[in-house]
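As a plain string of letters, each chain reads:
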Amino acid sequence: MNTPFRGDIGAAQRAAGIGMTSQRTRDRLIETLAELAPLDPRVLDVMRHVPRHLFVDEALSSRAYDNVSLPIGHGQTISQPLTVAQMTSALLEGPPMRRVLEIGTGCGYQTAVLAALIPEVVSIERIGALAAHARRVLRDLRIRNVALVVGDGSRGLADKGPYDGILMTAAAASLSPALFEQLADGGRLIAPVGSKEQALRRFTRTATGVHEELLGAAHFVPLRHGRS
Ligand code: SAH
């Protein structure tokens, strides 16, 4: 399946003076991910092109294509590539999505992956400095189908809903009912739930209620309340 990348990665790469080397390391990462778990080929295709090294501090860019989470400042981390691939694959499974909400923009990498696959992406981040950084990188990559909001997304973002999907990238001890209310019929919410022990869960809103599935164990930074 061929998914066009919305954004001009080539131009961004030329501007950053990097070419084949990082493409090769990205290809290797994708091969690793494909061996680790069943993943949606559309997601892998997109991750083959999104330059993860541009989202992290230059000092860490040599590790950007290792399958690891990395610090992004403010006590937060960029999610491990396998986690991004699994969450996005779980989100996409089902009817096509038109609009999604990401809670926890962080450095914006997951946002860029979503933006390549879904026409409208809304992403909310409570730390203003992280949101500003993500905004800059997404703009440099000419990704234009993302609305970034600074604020507390623990109760979603009702103004811009309903959403066909909600992807939460920080772990909530429990999920606010407001999140389910903002899901369109058939909409999917992917979220790590729990405090000490976390589990990645998928909730699907159906005509008769919410259907819940366990996707696996998870290790996310905690969801916090209020802005920072
Ligand atoms: N997808 C991001 C993950 C970053 S870690 C990436 O790969 O870079 C999770 C992010 O969630 C952090 O940036 C943190 O500040 C943010 N976060 C935590 N609680 C939040 C809340 N209530 N509302 C919005 N963002 C929140």
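Everything here concerns the structure above.
All of these numbers come straight from a predicted model, not from anything done at the bench.

Undergrad: Hey, could you go over the environment of alanine 217 for me, with residue numbers and the actual values?
TA: Tracing the sequence through the fold places alanine 217 in strand β9 (residues 209–218). It is 6.1 Å that separates the C-alpha atoms of alanine 217 and glutamine 198, two residues lying 19 residues apart in sequence. Residues contacting alanine 217, with those up to four places away along its chain left out, are Gln198, Ala199 and Leu200.

Undergrad: Hey, could you go over the site of the ligand for me, with residue numbers and the actual values?
TA: As a structural note, the neighbourhood of the ligand is formed by 26 residues, with Cys107, Glu125, Asp152, Gly153 and Arg224 the closest of them. Within the contact set of the ligand, a nitrogen atom lies 3.3 Å away from a backbone nitrogen or oxygen of arginine 126. Here the ligand loses 99% of its free accessible area of 580 Å² to cover by the protein chains. Looking at the shell around the ligand, the elements with two or more residues in it are β2 (76–78) and β4 (120–125). Of all the elements, β2 adds the most residues to the shell around the ligand, at three residues. Classifying every residue of the shell around the ligand gives ten nonpolar, eleven polar and five charged.

Undergrad: Give me the side chain of serine 154: which residues, what numbers.
TA: Note that serine 154 resides in the loop between β5 (146–150) and β6 (163–168). A distance of 3.1 Å separates polar atoms of two side chains, one belonging to serine 154 and the other to histidine 225. Residues contacting serine 154, with those up to four places away along its chain left out, are Met168, Ser176, Leu179, Leu223 and His225.

Undergrad: Describe the pairing of strand β7 (residues 183–193), with residues and values.
TA: Judged by how many residues are buried, β7 sits mostly within the fold: nine of eleven residues are covered. Note: β6 against β7, four bridges, orientation parallel. Residue pairing for β7: leucine 167 is matched across the bridge by isoleucine 190. Here β7 pairs with strand β8 (residues 198–206) via six bridges, running antiparallel. Along β8, the bridge assignment pairs arginine 188 with threonine 204. Here β7 hands over to β8 after four residues, with glycine 194 in that stretch at a positive phi of 125°.

Undergrad: Tell me about the packing of aromatic side chains, residues and numbers included.
TA: For the coordinates displayed, the defined rule picks out two aromatic pairs. For the ring pair phenylalanine 55 and tyrosine 109, a centre distance of 5.7 Å and an interplane angle of 75° mean the geometry is edge-to-face. Placement of phenylalanine 55 in the loop between α3 (41–47) and β1 (70–73) and of tyrosine 109 in helix α5 (residues 109–115) is noted, with a sequence separation of 54 residues between them. A cation over a ring is seen here: arginine 52 above tyrosine 109, with NZ or CZ 5.7 Å from the ring centre.

Undergrad: I'd like a rundown of the pairing of β8, residues and numbers included.
TA: Note: β8 against β9, nine bridges, orientation antiparallel. Bridged to threonine 206 within β9 is glycine 209. The hairpin turn running from β8 into β9, its antiparallel successor, is two residues long.

Undergrad: Break down unusual backbone geometry for me, citing the residues and quoting the values.
TA: The omega torsion of the bond from glycine 161 to proline 162 falls at -5°, within 30 degrees of zero and hence cis. As for its position among the elements, proline 162 is in the loop between β5 and β6. Positive phi values are uncommon outside glycine, yet histidine 74 reaches one of about 60°. One non-glycine residue with positive phi stands out, namely arginine 142, at about 60°. Within the element layout of this structure, arginine 142 appears in the loop between α6 (128–140) and β5.

Undergrad: A description of the sheet that holds β8 should follow, citing residues and the corresponding values.
TA: Sheet strands line up and pair through hydrogen bonds in the backbone, either parallel or antiparallel. The mixed open sheet is built from seven strands, whose spatial order is β5-β4-β3-β6-β7-β8-β9. Because the sheet does not close on itself, it has two edges, and the strands there are β5 and β9. Strand-to-strand twist in this sheet, taken as the mean axis angle between neighbours without regard to direction, amounts to 15°.

Undergrad: So what's going on with the pattern of salt bridges? Residues and values would help.
TA: Tallied over the entire structure, the rule returns nine salt bridges. Its salt-bridge partner being arginine 202, residue glutamate 93 comes within 3.4 Å of it at the nearest N-O pair. Of this pair, glutamate 93 sits in the loop between α4 (81–92) and β3 (99–103) while arginine 202 sits in strand β8, and the two are 109 residues apart along the sequence. As a salt-bridge pair, arginine 201 and glutamate 212 come within 2.9 Å of each other at their nearest N and O atoms. Note that arginine 201 is positioned in strand β8 and glutamate 212 in strand β9, a separation of eleven residues in sequence. Residue class for glutamate 212 comes out partly exposed when judged on its relative accessible area of 43%. Ionic contacts of the salt-bridge type, sharing partners, join the residues Glu93, Arg202 and Glu213 into one network.

Criteria and thresholds
- Residues numbered from 1 in each chain as written.
- Predicted model: local features only at pLDDT ≥ 70, side-chain atom pairs only at ≥ 80, totals over all residues.
- Heavy atoms only, no water.
- Helix = DSSP H or I, 4+ residues; strand = E, 2+ residues; numbered from the N terminus.
- Contact = heavy atoms within 4.5 Å.
- Near = heavy atom within 4 Å.
- Polar contact = N/O pair within 3.5 Å; in protein donor to acceptor, adjacent residues only side chain to side chain.
- Areas by Shrake-Rupley, 256 points an atom, 1.4 Å probe, with all protein chains shown as cover.
- Nonpolar A, V, L, I, M, F, W, Y, C, P; charged D, E, K, R; others polar.
- Buried < 20%, exposed > 50% of the residue type's maximum accessible area, 1.4 Å probe, protein only.
- Pairing = 2+ DSSP bridges.
- Phe/Tyr/Trp six-rings, centres within 6.5 Å; stacked < 30°, edge-to-face > 60°.
- Lys NZ or Arg CZ within 6 Å of the ring centre and 35° of its normal.
- Axes fitted to C-alpha atoms, helices over the stretch in contact; angles between N-to-C directions.
- Salt bridge = Lys/Arg side-chain N within 4 Å of Asp/Glu carboxyl O.

All quantities given are derived from atomic positions and should not be read as evidence of function.
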